[in-house]
Amino acid sequence: MAFVTDGGRQYVVAGPWRRRADIAELIEVSDGKHRALLLSAVLASLTSLGVQMVIVDYGPNAVDPVLCREAGLEVVERIVEYERPDCRVEPRPSALEVRSYRHEDRDAILDVERHSFPWLWWNSPEEWDAYVSLPSVGVIVGLADGQIVGYAGFTVYHRDGHLDRLAVHEREQGRGFGSALLVEALMRLDQAGARRVRLTTQEDNHRSQALYERYGFRRGRWVYEIYGKWLNRPEGAHL
Ligand SMILES: CC(C)(COP(=O)(O)OP(=O)(O)OC[C@H]1O[C@@H](n2cnc3c(N)ncnc32)[C@H](O)[C@@H]1OP(=O)(O)O)[C@@H](O)C(=O)NCCC(=O)NCCS
């Protein structure tokens, strides 16, 4: 979605964030005296379309705080980085059965996400399909009593590994399954040639940080903020 004014010299562009129809991202907003007008036009339009939240997420690049103030956006998430200098790890006995992802696991995985991550971090089916189709991506699933209760997703690029996701259904947390998935993911990263591994997590996610630190990860240098604003808050949704 885009709005332009001043003969096309000023504009705002928005689109789905991570292929989520319910979360929009302000992708680009030009400077200039009509910026407030453009922002109110795009926010009104997104609201009337039923979009639930609008965000600004420039990853590790700095977000313009003045723009966020003008659009009424506040920090909704602070992301921190963790890293480990190698992927070597001892195998760990666990009651969890771990195997590689299969296409038919998708709905069970999306269900695990909805019972582990906050709303903001749920993958849409489209985002998930795009993610697993990347050749650099590996996904493992964890099963207890034949049911999928967790998963880990990771990426290898040359010698750099990245742990993209780790989740265990809230009903099954605290049983060592997260650790088992982390260990297996590290072993697979190692086999795939990764010599170091990074990940990001929410700054207030102390539980995941305790797990990563226990397995030799240390806080990296950068922190970045995601700004957001509810447009149509779904009942019960929280960040
Ligand atoms: C992080 C997560 C994957 C851990 O899964 P888990 O199955 O509970 O992990 P484990 O049972 O192996 O426990 C690992 C560590 O988590 C912490 N932990 C586990 N249960 C806990 C609890 N009830 N309260 C506080 N900390 C707890 C502990 O540090 C524990 O280490 P320990 O072996 O010394 O007890 C899980 O909490 C989760 O899915 N969270 C939501 C998604 C998420 O935040 N993912 C990671 C960020 S990308």
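Provided above is the structure to which this section pertains.
These notes cover the structure that comes with them. (Residues numbered from 1 in each chain as written. Predicted model: local features only at pLDDT ≥ 70, side-chain atom pairs only at ≥ 80, totals over all residues. Heavy atoms only, no water.)

Details of the packing of helix α3 (residues 106–114) against helix α4 (residues 125–132)
Part 1 of the argument: Put simply, α3 and α4 touch, their axes get as near as 11 Å, and they point 115 degrees apart. Here the hand of the crossing between α3 and α4 comes out right-handed. For the pair α3 and α4, the contacting residues are Arg106, Ile109, Leu110 and Glu113 in the first and Pro125, Trp128 and Asp129 in the second.
Part 2 of the argument: Among the residues making up the contact of α3 with α4, the classes are represented as four nonpolar, no polar and three charged. (Axes fitted to C-alpha atoms, helices over the stretch in contact; angles between N-to-C directions. Helix = DSSP H or I, 4+ residues; strand = E, 2+ residues; numbered from the N terminus. Left-handed = near helix turned anticlockwise from the far one by under 90°. Contact = heavy atoms within 4.5 Å. Nonpolar A, V, L, I, M, F, W, Y, C, P; charged D, E, K, R; others polar.)

Observations regarding the sheet that holds strand β5 (residues 74–84)
Sheet strands pair via backbone hydrogen bonds, and the direction of the pair is either parallel or antiparallel.
Part 1 of the argument: Strand order in the open sheet made by the 11 strands is β1-β2-β3-β4-β11-β5-β10-β9-β8-β7-β6, with mixed pairing throughout. The open sheet terminates on both sides in strands that have one partner only, identified here as β1 (2–5) and β6 (97–100). Taken pair by pair, the neighbouring strands of this sheet meet at an average axis angle of 25 degrees, ignoring direction.
Part 2 of the argument: By the bridge criterion, six bridges tie β5 to strand β10 (residues 196–202) in an arrangement that is antiparallel. Residue pairing in the sheet places Arg84 in a bridge with Val197 of β10.
Part 3 of the argument: Along the sheet, helix α1 (residues 35–48) makes contact with β1, β2 (10–17), β3 (20–29), β4 (53–56) and β11 (218–230), crossing β2 at roughly 30 degrees.
Part 4 of the argument: On top of the sheet, helix α5 (residues 177–191) reaches β5, β6, β7 (137–144), β8 (147–157), β9 (160–168) and β10; it is set at about 160 degrees to β9, its chief contact. (Pairing = 2+ DSSP bridges.)

Considering helix α6 (residues 206–214)
Part 1 of the argument: All buried positions along α6 are accounted for by Ser208, Gln209, Leu211 and Tyr212. The arc that holds the buried residues of α6, viewed along the axis, is 160 degrees, so those residues lie on one side. Pointing more than 90 degrees away from the buried face of α6 are the exposed residues His206, Arg207 and Arg214.
Part 2 of the argument: Contact partners of the buried residues in α6: β5, β9, α5 and β10.
Part 3 of the argument: Looking one or two places after α6, you find Gly216, whose phi comes out positive at around 85 degrees. (Buried < 20%, exposed > 50% of the residue type's maximum accessible area, 1.4 Å probe, protein only. Arc of directions from axis to C-beta.)

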